[in-house]
Amino acid sequence: MKRVAILISGGGSNMVALAQSMIGDHPARPVVVVSNDPDAGGLAKAEQLGIPREVVDHREFHKDRNAFEGVLHQTLEHHAPDIICLAGFMRILTGAFTSRYEGRMLNIHPSLLPKYKGLHTHARALENGDADHGCTVHEVTAALDDGPILGQARMAVKAGDTPDTLAARLLPLEHALYPAVLRRYARGDRTPVKLP
Ligand code: GAR
């Protein structure tokens, strides 16, 4: 059984989707949810799901990324994860950290990568007049929102869409895509998932 750590910063809806998928014959189980924000709504959801929770508050490290990542690493290692899933984790990780988990760390990003790395992906898709928008699960490497693509879900942009309507319509696709990718990945299968 593969041990999965899930890193969050906010509401944690992707964390819930991942955790709820890891049942029955699934090759992995959630072992810890780690948040960099003590107020993240996802922490209460992790508690309801009975998953151990940890907080490593980045603000306590006063912009010392190495110190933050050192404690994050120690905290994770305490739970001996095989796979790390970033699920709405909004801190940029250094290459020193990502290299420790190379080939074992996944991220979900709300755009059809390689388009729109970074923030404000929904607004940028609208500004560019894109006909399609979507989300991507990829392996995490040192470069932000880069790394091998493991799956994408696509949807049409509609007339009258705003960044908020796009985000709301995309979230259920994220909740379908990320568990589908993790299930394959935990078996060692990196064939990209395409949704729909
Ligand atoms: C999701 O839309 C995820 O794709 C995005 O944050 C949201 C988290 O929601 N991630 C990023 O923007 C990463 N750069 P959640 O906390 O409800 O899963």
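In this report, the structure presented in the accompanying data block is examined.

What to know about the packing of aromatic side chains
This structure, assessed with the given rule, holds 2 aromatic pairs. Plain terms: the ring middles of Phe-97 and Tyr-101 are 5.4 Å apart, the flat faces sit at 50° to each other, and that makes the pair tilted. Here Phe-97 matches Tyr-101 in class, with each residue buried.

Digging into the environment of His-122
Relative to the helices and strands, His-122 resides in helix H5 (residues 121-127). Take His-122: its relative accessible area is 15%, and that puts it in the buried class. A polar contact of 2.9 Å, which involves the side chain of His-122, links it to the side chain of His-133.

With respect to the pairing of strand E6 (residues 132-139)
Burial analysis of E6 places 7 of its 8 residues in the buried class, the great majority of the element. Judged from the 4 bridges that link them, strand E5 (residues 105-109) and E6 form a sheet pairing that is antiparallel. In the sheet register, Leu-106 faces E6, and the bridge partner there is Glu-139. As paired elements, E6 and strand E7 (residues 149-156) share 7 bridges and run antiparallel to each other. When the bridges of E7 are listed, Cys-135 appears paired with Ala-153.

Quick word on the side chain of Thr-121
Here Thr-121 is to be found in helix H5. Overall, Thr-121 belongs to the buried group, its relative accessible area being 3%. Within the local environment of Thr-121, its side chain forms a polar contact with the backbone oxygen of Pro-110, the two atoms lying 2.7 Å apart. Those residues in contact with Thr-121 that lie beyond four places of it in its chain are His-109, Pro-110, Ser-111, Tyr-116 and His-133.

Some thoughts on the side chain of Thr-75
As for its position among the elements, Thr-75 is in helix H3 (residues 65-78). Residues contacting Thr-75, with those up to four places away along its chain left out, are Glu-54 and Val-56.

Overview of the packing of helix H1 (residues 13-21) against helix H6 (residues 163-186)
Between H1 and H6, whose axes approach to 9 Å, the crossing angle comes to 40°. Between H1 and H6, the crossing angle belongs to the class labelled oblique. Handedness of the crossing formed by H1 with H6: right-handed. Between H1 and H6, the contacting residues are Ser-13, Asn-14, Ala-17, Leu-18 and Ser-21 on the first element and Leu-171, Glu-174, His-175, Tyr-178, Pro-179, Leu-182 and Arg-183 on the second. Looking at the contact of H1 with H6 residue by residue, the classes come out as 6 nonpolar, 4 polar and 2 charged.

What counts, and at which threshold
Residues numbered from 1 in each chain as written. Predicted model: local features only at pLDDT ≥ 70, side-chain atom pairs only at ≥ 80, totals over all residues. Heavy atoms only, no water. Phe/Tyr/Trp six-rings, centres within 6.5 Å; stacked < 30°, edge-to-face > 60°. Buried < 20%, exposed > 50% of the residue type's maximum accessible area, 1.4 Å probe, protein only. Helix = DSSP H or I, 4+ residues; strand = E, 2+ residues; numbered from the N terminus. Polar contact = N/O pair within 3.5 Å; in protein donor to acceptor, adjacent residues only side chain to side chain. Pairing = 2+ DSSP bridges. Contact = heavy atoms within 4.5 Å. Axes fitted to C-alpha atoms, helices over the stretch in contact; angles between N-to-C directions. Parallel < 35°, antiparallel > 145°, perpendicular 65-115°, else oblique. Left-handed = near helix turned anticlockwise from the far one by under 90°. Nonpolar A, V, L, I, M, F, W, Y, C, P; charged D, E, K, R; others polar.

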